[in-house]
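The lines below spell out each chain.
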Amino acid sequence: MGASCSKFSLCWWHPRLKSTVLESADLENGGTNDRDSVPGFTEFSLDQLRVATSNFAVESIVSEHGEKAPNVVYKGILENDRKIAVKRFNKSAWPDSRQFLDEARSVGLLRNERLANLIGCCCEGDDRLLVAEFMPNETLAKHLFHWESQPMKWAMRLRVALYLAQALEYCSSRGRALYHDLNAYRVLFDQDGNPRLSCFGLMKNSRDGKSYSTNLAFTPPEYLRTGRVTAESVVYSFGTLLLDLLSGKHIPPSHALDHIRGKNFLMLMDSCLEGHFSNDDGTELVRLASRCLQYEPRERPNAKSLVASLTSLQKETEVPSYTLMGFPHGTISSNEPFSLTPFGEACSRMDLTAIHEILEKVGYKDDEGIANELSFQMWTSQMQETLNSKKQGDAAFRVKDFGTAIDCYTQFIDGGTMVSPTVFARRCLSYLMNDMPQEALGDAMQSQVVSPEWATAFYLQAAALFSLGMDNDAQETLKDGSALEAKKNCRN
């Protein structure tokens, strides 16, 4: 894709799809939407990240994105318009570049809708950078401790606790049970208002500071004895987060346990929530926090047990997180109804036989109006050969000899004397018939470049995207095609 484009061999690459098409990671157990939205792990160049962050400008620094000084986090945007969070370590954090790369690649294998997933890294010279999904709605600390318009609702606090436990259970199931300095700054909110656990805390063996904050009151007791993080240490920190959610304040565990032993549960509850939760629910969450904060690590529950306990407490499960959080939400639902032509319907259900029948029946009528101004002098034997290639391709396409159709249409396209959106469309389907969806997407894009308001080009893009497993993008492209059809009908 690095070569320049000739006049008729048109550049087709769409910025919205650039990284997703090229990077296809295994998103096992990554939630229903992850396959469509999270790219595979990439090793970025320093120049790429300089461009993305405006040369690491002060204005790009994210004050609260799960990290604290000296390891600054920047907001950035890649060529394909994907927003990212870039964590830049100081020079001494990872002196061993191989160790850094191995650890980043290992964390980069994780994909889950409860994580702000790690999508890349950079290791050049003294620079060590991590690249993660950008979470636009700040941290749990911001919304719990420093809220402006309204305190976090009880139902949302329960949801945060469950989603965080699910994140820890997923990481544990993938052999990443250790998490460093779990706290309210490590929990971030995505564009839908859902809480996610920052992946940065999954990196281990770095020298960017101790595994826990310097506030000893919140540090697992066994870490004070051994200096080592264990899975049980992470559960202890989860207990401190439950206290945060209960109280709306950062209460030292020792003080909280004193209240719990004295059965002064209400002293732990956020006064802003009075009347908005049942005593039974509050008592259960206090009990769960107490179990997590046991002095002996073996007496604490594991992540799987936490998920089971918190699932039964969930309230208002049908209400979206962005509604509970009071966030504006402009995302168009992929389930929003829209009408499709028979061709659009065929592409939406990946009925390649029906697509072939319709393309064959329509022929080249949609090429009308595409200017191919050829002077008399250009009518040469080469021109005749190019046209013959198209005719041979049409004949092969008609009898469903799609391999021959690809070869012949390619000769016509490479001839460079004429351009036809229909030829690109026919070669697109031929590629789909030969299980070559990425090449098919390229041709569908080419046909759109030639004829920008041709709905057929968008519908074929959707078919290719469905083949690539990119269902969300496919649905959006179907909508684009439907909108063009509606616009055309209004003109007519």
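Conventions we followed
- Residues numbered from 1 in each chain as written.
- Predicted model: local features only at pLDDT ≥ 70, side-chain atom pairs only at ≥ 80, totals over all residues.
- Heavy atoms only, no water.
- Helix = DSSP H or I, 4+ residues; strand = E, 2+ residues; numbered from the N terminus.
- Expected span 1.5 Å × (residues − 1).
- Buried < 20%, exposed > 50% of the residue type's maximum accessible area, 1.4 Å probe, protein only.
- Contact = heavy atoms within 4.5 Å.
- Pairing = 2+ DSSP bridges.
- Phe/Tyr/Trp six-rings, centres within 6.5 Å; stacked < 30°, edge-to-face > 60°.
- Lys NZ or Arg CZ within 6 Å of the ring centre and 35° of its normal.
- Axes fitted to C-alpha atoms, helices over the stretch in contact; angles between N-to-C directions.
- Parallel < 35°, antiparallel > 145°, perpendicular 65-115°, else oblique.
- Left-handed = near helix turned anticlockwise from the far one by under 90°.
- pLDDT = per-residue confidence, 0-100.
- Core = buried A, V, L, I, M, F, W, Y, C linked by side-chain atoms within 4.5 Å.

## Here we look at helix α10 (residues 279–292)
And step 1. Here α10 is 14 residues long and its end C-alpha atoms lie 20 Å apart, about the 20 Å a rise of 1.5 Å per residue gives.
And step 2. Three or more residues of α10 are buried, namely D281, G282, L285, V286, L288, A289, S290 and C292.
And step 3. Buried residues along α10 sit against α6 (154–173), α8 (231–247), α9 (253–261) and α11 (303–311).

## Description of the pairing of strand β3 (residues 83–88)
And step 1. When strand β2 (residues 72–77) meets β3, the two strands line up antiparallel, connected through six bridges. Looking at β3, one finds that V73 is bridged to K87.
And step 2. Hairpin connection from β2 to β3: five residues lie between these consecutive antiparallel strands, with D81 at a positive phi of about 75°.
And step 3. Note: β3 against strand β6 (residues 127–133), five bridges, orientation antiparallel. Bridged to I84 within β6 is E133.

## Structural notes on the packing of aromatic side chains
And step 1. Taken as a whole, this structure holds eight aromatic pairs when the rule is applied.
And step 2. Pairing W154 with F277 gives two aromatic rings, centres 4.9 Å apart and planes at 35°, and the pair type is tilted. Here W154 is found in helix α6, whereas its partner F277 is found in the loop between α9 and α10, with 123 residues between them in sequence.
And step 3. A residue is classified by how much of its surface remains accessible, and W154, at 5% relative accessible area, is buried.
And step 4. Classification of F277 as buried rests on a relative accessible area of 16%.
And step 5. Among the aromatic side chains, those forming a connected cluster through ring pairs are F89, W94 and F100.
And step 6. Of note, R88 hangs over the ring of F56, and the distance from its end group to the ring centre comes to 4.1 Å.
And step 7. Against the face of Y163 rests R114, its NZ or CZ located 3.5 Å from the ring centre.

## Examining unusual backbone geometry
And step 1. The phi torsion at S54 lies on the positive side, around 55°, for a residue other than glycine.
And step 2. Within the fold, S54 resides in the loop between α3 (46–52) and β2.
And step 3. In this structure, E138 takes a positive phi of about 65° despite not being glycine.
And step 4. Within the element layout of this structure, E138 appears in the loop between β6 and α5 (140–145).

## Quick word on the sheet that holds strand β1 (residues 42–43)
And step 1. The mixed open sheet is built from five strands, whose spatial order is β1-β5-β6-β3-β2. A strand with exactly one partner marks an edge of an open sheet, and here the two such strands are β1 and β2.
And step 2. Note: β1 against strand β5 (residues 118–124), two bridges, orientation parallel. Pairing of E43 across the sheet is with C121, part of β5.
And step 3. Each of β1, β5 and β6 is contacted by helix α4 (residues 97–108), which is oriented at about 170° to β5, the strand it contacts most.

## Considerations on the packing of helix α18 (residues 437–450) against helix α19 (residues 455–467)
And step 1. Remark: α18 packs on α19, axes separated minimally by 8 Å, with the N-to-C direction vectors making an angle of 165°. Taken together, α18 and α19 sit at an angle that is classed as roughly antiparallel. When the axes of α18 and α19 are compared, the crossing they make is left-handed. Across the interface between the two elements, P437, A440, L441, A444, M445, S447 and Q448 from α18 touch A457, F458, L460, Q461, A464, L465 and S467 from α19.

## Some remarks on the confidence of the model for the protein
And step 1. Looking at the protein, pLDDT values average 82 and 82% of them are 70 or higher.
And step 2. A low-confidence stretch, residues 1–36 (pLDDT under 50), is modelled with 80 contacts involving residues beyond four sequence positions or located in other chains.

## Points about the nonpolar core
And step 1. Membership of the largest hydrophobic core comes to 80 residues, with the highest contact counts inside it found for L130, L140, L182, F238, L242 and L310.
And step 2. Top element by residues in this core is α6. It accounts for 14 residues.
And step 3. Each residue touching L140, except ones within four places of it in the same chain, is listed here: F145, M152, V160, A184, V187, F189, L241 and L245.
And step 4. In this structure, I355, F412, I413 and A457 belong to the second largest nonpolar core, which totals 46 residues.

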